[in-house]
Amino acid sequence: MKTGQEVLTRALQLLGYVDSLGNIDALQDAELMKRGTAAVIQIYNDIRHIENPNEYDNEPFNMADDIRLSDISINDVMPYGVAMLIADMDNNGVAQAKFANIYNQKRKIVPRNTIRRADVIPRGGY
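Sequence order sets the numbering: in each chain, residues are counted from 1 along the sequence as written. Since the coordinates come from a predicted model, pLDDT governs what is reported: local features require at least 70, and pairs of side-chain atoms require 80 or more to be given and counted, while whole-chain, interface and lining totals use all residues. The side-chain quantities take in all heavy atoms of the structure and omit both hydrogens and water.

Draft legend 1. Representation of the packing of helix H2 (residues 30-51) against helix H3 (residues 71-89) within the structure. Here H2 crosses H3 at 130°, and the two axes come no closer than 9 Å. Taken as axis vectors, H2 and H3 run oblique relative to one another. The chirality of how H2 crosses H3 is right-handed. For the pair formed by H2 and H3, the contact residues are Leu32, Arg35, Gly36, Ala39, Val40, Gln42, Ile43, Tyr44, Ile47 and Glu51 on the first element and Ser73, Val77, Met78, Gly81, Val82, Met84, Leu85, Ile86 and Met89 on the second. Across the contact of H2 with H3, the residue classes tally to 13 nonpolar, four polar and two charged. Axis geometry follows a simple rule: fit a line to the C-alpha atoms, using only the stretch in contact for helices, then measure angles between N-to-C directions, giving values from 0 to 180 degrees. Numbering of helices and strands runs from the N terminus; a helix is a DSSP stretch of H or I covering at least four residues, while a strand is a stretch of E covering at least two. For classification purposes, an angle smaller than 35 degrees is called roughly parallel, one larger than 145 roughly antiparallel, one from 65 to 115 roughly perpendicular, and anything else oblique. It is the rotation of the near helix from the far one that decides the hand of a crossing: anticlockwise by less than a right angle makes it left-handed, clockwise makes it right-handed. Every residue pair with non-hydrogen atoms within 4.5 Å of one another is taken to be in contact. Throughout, the ten residues Ala, Val, Leu, Ile, Met, Phe, Trp, Tyr, Cys and Pro are labelled nonpolar, Asp, Glu, Lys and Arg are labelled charged, and all others, Gly among them, are labelled polar.

Draft legend 2. Summary view of the packing of aromatic side chains. Centres within 6.5 Å make a pair out of two Phe, Tyr or Trp rings, where for Trp the six-membered ring is used; the pair is then stacked when the planes are under 30 degrees apart, edge-to-face when over 60, and tilted otherwise. Scanning the entire structure with this criterion turns up two aromatic pairs. Consider the rings of tyrosine 80 and phenylalanine 99, whose centres lie 6.2 Å apart with planes at 35°: the pair is tilted. Here tyrosine 80 is found in helix H3, whereas its partner phenylalanine 99 is found in helix H4 (residues 93-106), with 19 residues between them in sequence.

Draft legend 3. Broad picture of unusual backbone geometry. In this model, asparagine 91 sits at a positive phi of 55°, which is unusual for a non-glycine residue. By secondary structure assignment, the location of asparagine 91 is in the loop between H3 and H4.

Draft legend 4. Region of the structure containing the nonpolar core. To define a nonpolar core, start from buried Ala, Val, Leu, Ile, Met, Phe, Trp, Tyr and Cys residues and group those joined through side-chain atoms within 4.5 Å. For every residue, the accessible area obtained with a 1.4 Å probe (protein chains only) is divided by the maximum for its type, and the residue is called buried under 20%, exposed over 50%, and partly exposed between those limits. By size, the foremost hydrophobic cluster in this structure holds 31 residues, and its most contacted members are Leu8, Ile43, Ile47, Met78, Val82 and Ile86. Elements represented by at least two residues in this core include exactly helix H1 (4-15), H2, H3 and H4.

Draft legend 5. Focus on the environment of arginine 10. Tracing the sequence through the fold places arginine 10 in helix H1. For the pair arginine 10 and methionine 78, spaced 68 residues apart in sequence, the C-alpha to C-alpha distance is 9.4 Å. Residues in contact with arginine 10, not counting those within four places in the same chain, are Met1, Pro79 and Tyr80.

Structural data, given as structure tokens:
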């Protein structure tokens, strides 16, 4: 997976929102795709702030563009977060709880930008 659309498709597959062939009918479920796009953007922003806390991205998010995150975040974390949000929007409490648990566990493996912390204890002059 590299794009937001691929992440959304995987999340919908995890939720079982597919036909007998495993395909998602985007035309029939336009509202689901709209809500799914919002979920992808929300999870992308959450993970982006973990990976690069000092980086600000002002470019509009495009579902067809490659996501600028690590492969671990895109493939192993994002689909579960998106599935969690879609299940919540659909008032599916069981699926939401399941995917929230998985997402929160997987968020721990998101690569973090190592920031060196300086000593901030004030010295002298009291």
